[in-house]
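# Breakdown of the fold
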Amino acid sequence: MQKSILIIDDDELFLAVMQIRLEVEGFRVATCKTGEEGVTLFERMNPTLVILDIRLPSMSSDEV
């Protein structure tokens, strides 16, 4: 079973680099730029790991 990772961060370059690097290592990676999107994706995909920016613009990491 392929492990999945959800990355929630508003930095587009960080998302792109991390997604590429993790997919090369065999992970299934989903990315989003807001906490609201992150919550929705988390509920849908139930990832193995979440990488979460602690300073999101619209929703704090505590709320996520």
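Relevant structure appears above.
Now for a quick tour of the structure. None of the values given here were measured: they were computed from a predicted structure.

### Looking at the overall build of the protein chain
- Of the regular secondary structure elements, the protein chain holds 2 helices and 3 strands.
- Scanning the protein chain from its N terminus toward the C terminus, one meets helices and strands in the order β-α-β-α-β.
- Computed over the C-alpha atoms, the radius of gyration of the protein chain is 11 Å, within 12% of the 11 Å expected from 2.2 N^0.38 for a compact globule of 64 residues.
- Summarising its shape, the C-alpha atoms of the protein chain cover approximately 30 × 25 × 15 Å along the three principal directions.
- For the protein chain, the proportion of its 64 residues judged to be buried stands at 31%.
- Sequence separation of at least 24 residues holds for 59% of the intrachain contacts in the protein chain that already meet a minimum separation of 6.
- In the form shown here, the protein chain has an accessible surface area of approximately 4,400 Å², with 53% of it arising from carbon and sulfur atoms.
- For the protein chain, the separation between the mean place of its 6 positive charges and that of its 12 negative charges on side chains is 7 Å.

### A short note on helix α1 (residues 12–24)
- Taking 1.5 Å of rise per residue, 13 residues should cover 18 Å, and α1 covers 18 Å from first to last C-alpha, within 8% of that figure.
- Its side-chain oxygen placed 3.0 Å from the backbone nitrogen of L13, D11 serves as the N-cap of α1.
- Positive phi appears at G26, one or two residues downstream of α1, with a value of about 100°.

### Some thoughts on the side chain of S4
- By secondary structure assignment, the location of S4 is in strand β1 (residues 4–8).
- If sequence neighbours within four positions are ignored, S4 has contacts with R28, M45, N46, P47, T48 and L49.

So, how was this worked out
- Residues numbered from 1 in each chain as written.
- Predicted model: local features only at pLDDT ≥ 70, side-chain atom pairs only at ≥ 80, totals over all residues.
- Heavy atoms only, no water.
- Helix = DSSP H or I, 4+ residues; strand = E, 2+ residues; numbered from the N terminus.
- Rg over C-alpha atoms; globule rule 2.2 N^0.38 Å.
- Buried < 20%, exposed > 50% of the residue type's maximum accessible area, 1.4 Å probe, protein only.
- Contact = heavy atoms within 4.5 Å.
- Areas by Shrake-Rupley, 256 points an atom, 1.4 Å probe, with all protein chains shown as cover.
- Lys, Arg positive; Asp, Glu negative; His and termini not counted.
- Charge placed at Lys NZ, Arg CZ, Asp CG, Glu CD.
- Expected span 1.5 Å × (residues − 1).
- Polar contact = N/O pair within 3.5 Å; in protein donor to acceptor, adjacent residues only side chain to side chain.

What is shown is where atoms sit, not what they do.
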